[in-house]
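# Structure at a glance
Each chain is listed here by its residues.
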Amino acid sequence: MLRNPYIEDTSLAGRKSEIDGKLNRVREMLQQHDAEALALQMHPNFSWMTAGGKNFVANCFDAGATTLLITKDECFAICNVIETPRLLQEEHLEELGFTVLSYPWQENRLEEYVKKHVSSLDKVVSDVPLGSAMVRNDWIKPLRLQLTKNEIARYGYLGDKLSQAIEAALTAIRPGMTEFELVGELSRQIWPYGIEQVMHLVSFDERANLFRHALPTGKKLEHNVIVSINGRYKGLIVTTSRMAYIGEPSKEFVKQYNDCCEMESLTASKARVGEDELTLYNTLRQAYIDKGYPDMFDRHGQGGCQGYWPREYMVTPDCHHIIQKNQAYCFNPVVDGTKTEDSFIVTEDGPMLITRPIIFPKLEYEFNGVKFERPGLLILN
């Protein structure tokens, strides 16, 4: 399978070039809808627009503490005085082309500041409610989906480091440890790389059979482990799952796991620029039937487009689009007790894995002329 060819340009000039390209997309959208400005407060949008910056304090809120305002010829970052020093000294927003406007922390003067730069709030497109502004995330989301070279480079770093960290954590599992303890070890492995853990699902033994989204508990490990992680780096989110087994799994169990790998690889092999996403959905649905698991497809969401959200949207018969160049995807076949999941980018030359096996055993497949290297089940005795 293709390898990520890009190295991130972390210089201010590199970030500024990325931002300038995104400003062109924004201003084309504003012109198309006869709008005067775009206000971005949600932290995925802030990270996207600033080429990896952060505007959140507590990351349990969708909206961050700084709002970007982009007009037809100017860019502003609006916040209270608490945020100003970090935005200037660490986010370098003014050097990146944003004029920082701040107000006292005791007041909320966001609407007042926005109104100074538009004829009316009615002419503002926003990602969160803002007076009479138009909340139109359906106009904003498509701007994020086609990744730049620098974003692909960041995804490459994120994918490699997250894969390495999650696999290292699983090589250290032992009978009797709790799901909570494994989550702690996963966090210890991930944070040194600057990766934020925005979702952590861990299921041991019978919980892996019962629950598709198994939040960690004090359950103690006997044999089977499924770990699913959403890791975020500079706003981009990647999704991966890995499995390990202590003892000797049955041949049927290993086959079931390998079947998931095959179904996932077959689906990804159909990902081509210009292809309808529904082709991937139908390919995976038929694969479940062909492998003898017809009931499993409807028990869990099967995947879709990702980027600055774990899923920008799920691909379904009611929600599917034409695949664009450099869009990221993730599909996750699950059969009771087994799961596989890795993310990939659809390039002009075909699908390119973001996450991949680093220290795990490797399985090799080829479908539709595309070669895949997939993580095997880690068996520990």
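Refer to the preceding data block for the structure.
Analysis parameters
- Residues numbered from 1 in each chain as written.
- Predicted model: local features only at pLDDT ≥ 70, side-chain atom pairs only at ≥ 80, totals over all residues.
- Heavy atoms only, no water.
- Phe/Tyr/Trp six-rings, centres within 6.5 Å; stacked < 30°, edge-to-face > 60°.
- Buried < 20%, exposed > 50% of the residue type's maximum accessible area, 1.4 Å probe, protein only.
- Core = buried A, V, L, I, M, F, W, Y, C linked by side-chain atoms within 4.5 Å.
- Helix = DSSP H or I, 4+ residues; strand = E, 2+ residues; numbered from the N terminus.
- Contact = heavy atoms within 4.5 Å.
- Pairing = 2+ DSSP bridges.

## Let's talk about the packing of aromatic side chains
Under the counting rule described, the total for this entry stands at nine aromatic pairs. On the numbers, 6.5 Å between centres and 10° between planes, the contact of Tyr-329 with Phe-331 is stacked. Here the two residues Tyr-329 and Phe-331 agree in accessibility, since each one is buried. Measuring from ring centre to ring centre gives 6.5 Å for Phe-331 and Phe-344, while their planes differ by 25°; the resulting arrangement is stacked.

## Thoughts on the nonpolar core
One finds Met-49, Phe-98, Tyr-155, Leu-170, Ile-173, Leu-182 and Val-227 to be the most contacted residues of the largest nonpolar core, which totals 61 residues. A per-element tally of this core places helix α6 (residues 149–171) first, with eight residues. Core analysis: the second largest hydrophobic core is formed by 34 residues, Tyr-257, Ala-271, Tyr-281 and Phe-372 among them.

## A short note on the environment of Gly-376
Relative to the helices and strands, Gly-376 is located in the loop between β18 (370–375) and β19 (378–380). Look at Gly-376 and you get buried, because its relative accessible area is 4%. Through-space distance from the C-alpha of Gly-376 to that of Met-49 is 37 Å; in sequence the pair is 327 residues apart. The residues touching Gly-376, leaving out its near neighbours within four places in the chain, are Met-243, Tyr-257, Phe-360, Pro-361, Lys-362 and Leu-363.

## Some thoughts on the pairing of strand β9 (residues 236–246)
Counting buried positions along β9 yields eleven of eleven residues, so the element is predominantly enclosed. Taking every second residue as pointing to the same face, both faces of β9 are buried, with Leu-236, Val-238, Thr-240, Arg-242, Ala-244 and Ile-246 on one and Ile-237, Thr-239, Ser-241, Met-243 and Tyr-245 on the other. Sheet analysis places strand β8 (residues 224–233) next to β9, joined by ten bridges and oriented antiparallel. Pairing of Ile-226 across the sheet is with Met-243, part of β9. The loop that links β8 with its antiparallel partner β9 comprises two residues; one of these, Lys-234, has a positive phi angle of about 50°. Across three bridges, the pairing between β9 and β19 is parallel. Bridge pairing links Ala-244 to Leu-378 in β19.

## Considerations on the sheet that holds strand β16 (residues 350–353)
The five strands lie next to each other as β11-β10-β12-β15-β16, forming an open sheet whose pairing is antiparallel. Only two strands of the sheet have a single partner each, and these edge strands are β11 (313–314) and β16. Note: strand β10 (residues 303–306) against β11, two bridges, orientation antiparallel. Within β11, the residue paired with Gly-304 across the bridge is Met-314.

## Some thoughts on the side chain of His-300
Checked against the element boundaries, His-300 lands in the loop between α10 (278–291) and β10. Overall, His-300 belongs to the buried group, its relative accessible area being 13%. Apart from residues lying up to four places away in sequence, His-300 is in contact with Arg-212, His-213, Asn-332 and Val-334.

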